[in-house]
Amino acid sequence: MQGLLRSLWREPRPPGVPARVWRDWLLVGVLVPAAVLEGVLRPDLPWGAASVVLTAAVMPTLLWRRTRPLAMLVIALGAAHVAPLLIIGSTPDNNALAFVVVLVYALFRWGSGREAMLGVPVMFGSMGLAFAFGRIPPSDVVGGLIVLSSAAALGFAFRYRAGARLRELDRVKLLEREQLARDLHDTVAHHVSAMAIRAQAGLATSATRPEAADEALRVIEAEAARTLTEMRAMVRLLRRNEPVELTPGRRIADIEQLAGRGRVGPSVKVTIEGDVEAVPPSVGAAIYRIAQESITNARRHARHATRIDVHVAADDTSVRLHVSDDGDAGSARSHVTPGYGLLGMIERAGLLGGTCEAGPNPGRGWTVTAVLPRAGAAT
């Protein structure tokens, strides 16, 4: 139990805590007039105008509920509940004070473990004081505890869900890095094998054909330069301990093998323009993998699609990939968050200094566009 409490105490705030957004100002802009309207429509409201002013004065704490959740909860409860209770023995009875539940949710959603643990006695202590002063009956105490506990549990649930998604995104990115590293490793292994074969051939013929040794050295020099380029691109990538394949990875030209009609789904047409043979293997493998994933997604999710067009264009500075289908514009994939396959494509393109975007077309269908620098990521 002590270890659990220590772990909760040391729990940091979740990453990417958003600052104030326009919705926060809108929320305060709606609640403040609502509090004033309640004061107008309730002539029996204790304190009258003073109660409305006090409630409206503490509502701006909602603007800082993510960045300073514990401080804002203390201010709201202290100003609206504890201070009036200790000074005059009564508290405001505004329904608008229910916004405190939002502060409780924010504390457990965005606060650190230390803030959450300190916030528990603050929440329940304010209710205990109200009960001790006879301001609320035991039934309301139980109801209040249920409401506060539900808000805290909801905050924890969304916090866990967001954390689980971040962990899954990290896993997808790691797997994509490993796959890219594997492609690079296999390409480098192929170049090294070619150099070894050339060196053996040069040694075998050097006695009878000295010019053959010169030719072998030139080939080895070219292969070594390409290998060094690939090794530099691979330095900061991760790779699992798996057997090495001494064969080159996928290239842009291999995308043509994806053309045609599968057993089910739309047909695929591939168009390749420009000099793609000289594209570095790391870039070629990335273009192939992105095209493969895009075609798979289109065949799986594009409703009533009859055609998938794949267009690759290479120039002196970049390689562009364009994959589009003619499925229904109302396809379900246009209304959900990006899947992990798309996130993997974005990660792979980003590792090589490029970009990858996907979205619905103005009319029908879905399009994936990737742009990678021809030379790969800068080292």
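Please read all numbers here as calculations on a predicted model, not as lab measurements.

### Quick word on the overall build of the protein chain
Phase 1: Across its full length, the protein chain holds 10 helices and six strands.
Phase 2: Residues classed as buried in the protein chain amount to 37% of the 379 residues present.
Phase 3: A fraction of 75% describes how many contacts in the protein chain between residues 6 or more apart in sequence connect residues 24 or more apart.

### Side note on the packing of helix α1 (residues 2-9) against helix α6 (residues 113-132)
Phase 1: The N-to-C vectors of α1 and α6 enclose an angle of 110°; their axes lie 6 Å apart at closest approach. With respect to α6, the element α1 is oriented roughly perpendicular. For the pair formed by α1 and α6, the contact residues are L5, L8 and W9 on the first element and G113, R114, M117 and L118 on the second.

### Side note on the environment of P373
Phase 1: Tracing the chain through its elements places P373 in strand β6 (residues 366-373).
Phase 2: A relative accessible area of 24% places P373 in the partly exposed class.
Phase 3: C-alpha of P373 to C-alpha of D316: the two residues are 57 residues apart in sequence and 9.2 Å apart in space.
Phase 4: Ignoring sequence-local partners within four residues, the contact set of P373 consists of V283, T317, S318, L352, G353 and G354.

### Quick look at the nonpolar core
Phase 1: Counting residues in hydrophobic clusters, the biggest one holds 31 residues, and the most contacted among them are I255, I287, V310 and L321.
Phase 2: Secondary structure elements with two or more residues in this core: β2 (267-273), α9 (281-301), β3 (307-314), β4 (318-325), α10 (340-351) and β6.
Phase 3: Setting aside chain neighbours within four positions, we find L321 in contact with I287, I290, A291, V310, H311, V312, V368, T369 and A370.
Phase 4: With 27 residues, the next largest nonpolar core counts L63, M72, A80 and A116 among its residues.

### With respect to the packing of helix α2 (residues 22-41) against helix α3 (residues 49-58)
Phase 1: Put simply, α2 and α3 touch, their axes get as near as 9 Å, and they point 170° apart. As far as their axial angle goes, α3 and α2 are roughly antiparallel. Seen from α2, the contacting residues are V32, A35, V36 and G39; seen from α3, they are V52, T55 and A56.
Phase 2: Looking at side-chain class alone, the contact of α2 with α3 contains five nonpolar, two polar and no charged residues.

### As for the UniProt feature "transmembrane region" (unreviewed entry) in the protein chain
Phase 1: UniProt records the feature "transmembrane region" (unreviewed entry) for residues 70-89, 95-111, 118-136 and 142-160 in the present numbering.
Phase 2: Secondary structure within residues 95-111 divides into 65% helix and 0% strand; the distance between the first and last C-alpha atoms comes to 26 Å.

### Looking at a nonpolar patch on the surface
Phase 1: A contiguous nonpolar surface patch, about 400 Å² in accessible area, is contributed by V36, L37, V40 and L41.
Phase 2: Given the relative accessible area of 60%, L41 is considered exposed.

### Section: the pattern of salt bridges
Phase 1: Within the structure shown, the criterion is met by seven salt bridges.
Phase 2: D24 is the salt-bridge partner of R66, the closest N and O atoms lying 2.7 Å from each other. Placement of the pair is R66 in the loop between α3 and α4 (69-88) and D24 in helix α2, with a sequence separation of 42 residues. Each member of the pair, R66 as well as D24, carries the same accessibility label: buried.
Phase 3: The residue R307 makes a salt bridge to D309 at a minimum N-O spacing of 2.8 Å.
Phase 4: On the basis of relative accessible area, R307 is assigned to the partly exposed category, the value being 36%.

### Considering the confidence of the model for the protein chain
Detailed reading of the predicted coordinates is not advisable wherever pLDDT is low.
Phase 1: On average, residues of the protein chain carry a pLDDT of 79, and 80% of them reach 70 or more.
Phase 2: Across the protein chain, β4 holds the top mean pLDDT of 94, while strand β1 (residues 260-261) sits lowest at 66.
Phase 3: This stretch, residues 236-248, has a pLDDT under 50; its non-local contacts, to residues over four places away or in other chains, come to 28 contacts.

### Side note on the pairing of β6
Phase 1: Bridge count between β4 and β6: seven bridges; the pairing is antiparallel. When the sheet's bridge partners are listed, S324 is paired in β6 with T367.
Phase 2: Both strand β5 (residues 355-360) and β6 contribute to a ladder of six bridges, which runs antiparallel. Paired with G359 across the bridge in β6 is T367.

### Quick notes on the pairing of β3
Phase 1: Burial along β3 is one-sided: I308, V310, V312 and A314 are buried, while R307, D309, H311 and A313, pointing the other way, are not.
Phase 2: In this structure, β2 lies alongside β3, joined through seven bridges in parallel fashion. Across the sheet, the residue bridging to V270 is V310, located in β3.
Phase 3: Between the parallel pair β2 and β3, the chain is carried across by α9, and the sense of this crossover is left-handed.

### Section: the packing of aromatic side chains
Note on aromatic pairs: each is described by the distance of the centres and the angle between the planes.
Phase 1: Counted by the stated rule, this structure contains two aromatic pairs.
Phase 2: Ring geometry for Y105 versus F158: centroids 6.2 Å apart, planes at 80°, classification edge-to-face. A residue pair is termed long-range when its members are at least 10 positions apart, and Y105 in helix α5 (residues 100-110) and F158 in helix α7 (residues 138-205) qualify at 53 residues.
Phase 3: Classification of Y105 as partly exposed rests on a relative accessible area of 23%.
Phase 4: For F158, a relative accessible area of 36% translates into the label partly exposed.

### Digging into the environment of L258
Phase 1: By the element assignment, L258 lies in the loop between α8 (210-234) and β1.
Phase 2: With 12 residues separating them along the chain, L258 and V270 place their C-alpha atoms 7.8 Å apart.
Phase 3: Apart from the residues within four sequence positions on either side, L258 is in contact with V268, Y288, Q292, I295 and R299.

Here is what the cut-offs are and how they apply
- Each chain has its residues counted from 1, following the order in which its sequence is written.
- The predicted origin of the model limits local features to residues at a pLDDT of at least 70 and limits the giving and counting of side-chain atom pairs to 80 or more, whereas totals for whole chains, interfaces and linings rest on all residues.
- Only heavy atoms go into the side-chain values, all of them from the structure, while hydrogens and water stay out.
- A helix here means a DSSP run of H or I that spans at least four residues, while a strand means a run of E at least two residues long, and both kinds are numbered starting from the N terminus.
- Exposure classes here rest on a 1.4 Å probe applied to the protein chains alone. A residue is buried below 20% of its type maximum, exposed above 50%, and partly exposed in between.
- Pairs of residues are marked as contacts when any of their non-hydrogen atoms sit within 4.5 Å.
- Here the axes come from fitting lines to C-alpha atoms, over the contacting stretch only for helices, and the angles between their N-to-C directions go from 0 to 180 degrees.
- Oblique is the label for every angle not falling under 35 degrees (roughly parallel), over 145 degrees (roughly antiparallel), or within 65 to 115 degrees (roughly perpendicular).
- Within this scheme, the nonpolar core is defined by two criteria: the residues are buried Ala, Val, Leu, Ile, Met, Phe, Trp, Tyr or Cys, and they are joined through side-chain atoms within 4.5 Å.
- Think of it as three bins: nonpolar holds Ala, Val, Leu, Ile, Met, Phe, Trp, Tyr, Cys and Pro, charged holds Asp, Glu, Lys and Arg, and polar takes everything else, Gly as well.
- UniProt positions are given in the numbering used here, feature names are shortened, and annotations may be inferred rather than shown by experiment.
- Only residues whose relative accessible area exceeds 30% and that form no salt bridge enter a patch; like-charged residues are grouped when within 9 Å of one another, and nonpolar side chains (Val, Leu, Ile, Met, Phe, Trp, Tyr) when within 5 Å.
- Accessibility throughout is a Shrake-Rupley quantity obtained with a 1.4 Å probe, and a residue counts as covered only by protein chains that appear here.
- What makes a salt bridge here is a side-chain nitrogen of Lys or Arg within 4 Å of a carboxyl oxygen of Asp or Glu, nothing more.
- pLDDT is a per-residue confidence score from the predictor, ranging from 0 to 100.
- Whether two strands pair comes down to DSSP finding at least two bridges between them.
- Crossovers are marked right-handed if the path from the first strand over the helix to the second runs clockwise, as seen with the strands pointing away from the viewer.
- When the centres of two rings from Phe, Tyr and Trp lie within 6.5 Å, Trp using its six-membered ring, the rings pair. Their planes under 30 degrees apart give stacked, over 60 give edge-to-face, and anything left gives tilted.

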